[in-house]
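# A look at the structure
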Amino acid sequence: GCSVLNSLTFSTSLKTIGQSAFESTKITTLSIPKSITSIGLYAFRYCNSLQSVTVHSENTKYYVETQGALIEKTSTTDITLVLYPKQKTDLTYYQIPNDITKIAGYAFYQNPTFTFIRFNDKLTTIEESAFNGITNIKTITIPNTVTTIKKEAFKGCTSLRMIVLIGSRTER
């Protein structure tokens, strides 16, 4: 792999970043050009040095929300939080933005600073290992809109003492 790679400059004509393309690299900043229309699964997984992400203002599919996470908007009802930079350590509290419906796999992997994450009431899916290894989080409250939690979503959350499931869904 390219485990020593620490800087990226994408061509302005690049459209796709493939699955696991930059996994385990040492990049510190990520700048997504306006031409990108697809970022593959786990493209930036294990990028443990990543401090910040920016997206060109004219990119119609991706953007960075105010707290610093990379977001993919496929439609008005399919909005995924793709990743939160592991080395963006200025926050201990994170509010999942109100329009997010899915947390991607490894999105918050081993975040060293979060002690609390607040979920929104539009969230439906928490993908594989989304919160894996967040060692400082103690309580998680999951809204009843969440219908899917994939494997190891909260694995390695060693301080986690309570998961609260809000409401209940009754199948008829």
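Rules of the game
Residues numbered from 1 in each chain as written. Predicted model: local features only at pLDDT ≥ 70, side-chain atom pairs only at ≥ 80, totals over all residues. Heavy atoms only, no water. Helix = DSSP H or I, 4+ residues; strand = E, 2+ residues; numbered from the N terminus. Buried < 20%, exposed > 50% of the residue type's maximum accessible area, 1.4 Å probe, protein only. Phe/Tyr/Trp six-rings, centres within 6.5 Å; stacked < 30°, edge-to-face > 60°. Lys NZ or Arg CZ within 6 Å of the ring centre and 35° of its normal. Core = buried A, V, L, I, M, F, W, Y, C linked by side-chain atoms within 4.5 Å. Contact = heavy atoms within 4.5 Å.

## Re unusual backbone geometry
With a phi angle near 65°, Y106 is a residue other than glycine that sits in the positive phi range. Turning to its location among the elements, Y106 is positioned in the loop between β9 (102–103) and β10 (116–118). A relative accessible area of 12% places Y106 in the buried class. A positive phi is found at E152, a non-glycine position, where the angle reads about 55°. Tracing the chain through its elements places E152 in the loop between β13 (148–149) and β14 (162–165). The class of E152 is partly exposed, set by a relative accessible area of 37%.

## Notes on the packing of aromatic side chains
If you walk through the whole model with that rule in mind, you get 16 aromatic pairs. Ring geometry for Y94 against F108: centres 5.2 Å apart, planes inclined by 65°, an arrangement best described as edge-to-face. Of this pair, Y94 sits in strand β8 (residues 93–95) while F108 sits in the loop between β9 and β10, placing them 14 residues apart in sequence. A residue is classified by how much of its surface remains accessible, and Y94, at 0% relative accessible area, is buried. Each ring, one from Y106 and one from Y109, has its centre 5.3 Å from the other, and the planes form 50°; the classification is tilted. Members of the aromatic cluster, joined through ring pairs, are Y84, Y94, F108, F114, F119, F131 and F154. Directly above the ring of Y42 sits R45, whose terminal nitrogen or CZ lies 4.1 Å from the centroid.

## Side note on the nonpolar core
The biggest cluster of nonpolar side chains holds 27 residues, and the ones touching the most others in it are L81, I103, F108, F131 and F154. Elements that contribute at least two residues to this core include exactly β7 (78–83) and β12 (139–142). Here F131 is in contact with I103, F108, I117, F119, I126, A153, F154, K155 and C157, once residues within four sequence places are set aside. Within the second largest apolar cluster, 19 residues are counted, among which are F22, I32, A43 and L70.

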